[in-house]
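# Structure at a glance
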Amino acid sequence: MKKRKKKVNYGRYGYYFIAPFFLVYLLFQLWPLINTFYYSTLSYYKRNGREFVEFAGIQNFLNIFGITAGERAYVLQYLKNTLIMWGCNFVPQILVSLLLAVWFTDQKVKMKGTGAMKVIVYLPSVITAASVSVLFNALFSQYGPITQTLKDWGILGSNFDFMSSTAGTRGLISLILWWMWYGNTTLLLISGVLGIDPGLFEAAEIDGASGFKKFRYITLPLLRPIMLYTLVTSAIGGLQMYDIPALFNVPETGLVGLPDDTTTTVTMYIMRLYNSDVGKAAAVSVFLFVVTLIVSLLLFASMGDRDERRLKKAQRKAGRKR
């Protein structure tokens, strides 16, 4: 009898390649997340120079929402600050990125040097947050060159100071975040546009469709998966906003967004609490996790493929009738 050749299971090698990711994820993300839920149920206090820990249940959550007497719901105020700065950054970011993505990939325009332009728009993403914060702080300080120029042109009042203005500081933080990340979003959308079948645009052009109609009825619907990814990742990053607000306009002690705490984000509040009450810091972290989860689910529900959902719903109904 002939011996059968031993089959090699090549599929298992794929598991070897992805194993490091899962190990790192379990060790540095999932386990800390589980611990955060655990720490949020504990109360830490000091007495006679010693630190004590006791089970507190939901007391930390009652404290951060201001339900307990003597406590204030700072977390809601800081969540509002975070959402305002994220919204002012992301809305213009997605609009500009969409415009650039369509412009760079338009076959009629045939823009030259698109490779160099892609590098230029992406470069701000690789600059460190500390460097950008120091640069913009110097440019827009009360006697900075840009502020002085705007005053000389009569656009700003002679005594205006971005750093003492709530709208001014929030606007600058949003501007920095937009400048740093619009290039990354542009490249993602360019990859999505390039993945669309060119034949669709050619057929639309033969039918006499204008550039706007091709954008509205072909580009936007087929960009939905990439748009969904961009929205979800931006929402997660926006809700966890920390580095720019924590470095831009804060006192020497840090972690208090000037002016008057109006640019303090939720993550800055977590870091501030961590030095004094780990339990409350963990409770705020859990709250931020829940908010991020809800926002992500809402985006998935609103941006998902409705036609596919309708088809699955119809199939389920047909299966029940049988």
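Below or above, wherever it landed, is the structure these notes cover. (Residues numbered from 1 in each chain as written. Predicted model: local features only at pLDDT ≥ 70, side-chain atom pairs only at ≥ 80, totals over all residues. Heavy atoms only, no water.)

## Some remarks on the nonpolar core
Inclusion rule: We call a set of buried residues a nonpolar core when its members are Ala, Val, Leu, Ile, Met, Phe, Trp, Tyr or Cys and they connect through side-chain atoms within 4.5 Å of each other. Partly exposed residues are those whose accessible area sits between 20% and 50% of the maximum for their type, while under 20% is buried and over 50% is exposed, using a 1.4 Å probe and protein chains only. Secondary structure elements follow DSSP: runs of H or I no shorter than four residues count as helices, runs of E no shorter than two count as strands, and numbering proceeds from the N terminus. Contacts between residues were defined by any pair of non-hydrogen atoms, one from each residue, lying within 4.5 Å.
In terms of nonpolar packing, the biggest core is built from 37 residues, with I176, I244 and F248 touching the most fellow members. Every element with two or more residues in this core is listed here: α3 (74-105), α5 (129-140), α7 (166-194), α10 (224-239) and α11 (243-248). If you tally residues by element for this core, the top one is α7, at 9 residues. Dropping the residues within four chain positions of it, I244 is found in contact with A129, S133, I173, I176, L177 and M180.

## Things to note about unusual backbone geometry
Each neighbour pair has its own omega, and for L258 with P259 the value is 0°, a cis peptide bond. Mapped onto the elements, P259 comes out in the loop between α11 and α12 (266-274). Backbone geometry at L255 places phi at a positive 65°, although glycine is not the residue there. By secondary structure assignment, the location of L255 is in the loop between α11 and α12. Residue class for L255 comes out buried when judged on its relative accessible area of 16%. Phi is positive for D261, close to 65°, though the residue is something other than glycine. Along the polypeptide, D261 turns up in the loop between α11 and α12. Among the residues examined, D261 registers a relative accessible area of 15% and is labelled buried.

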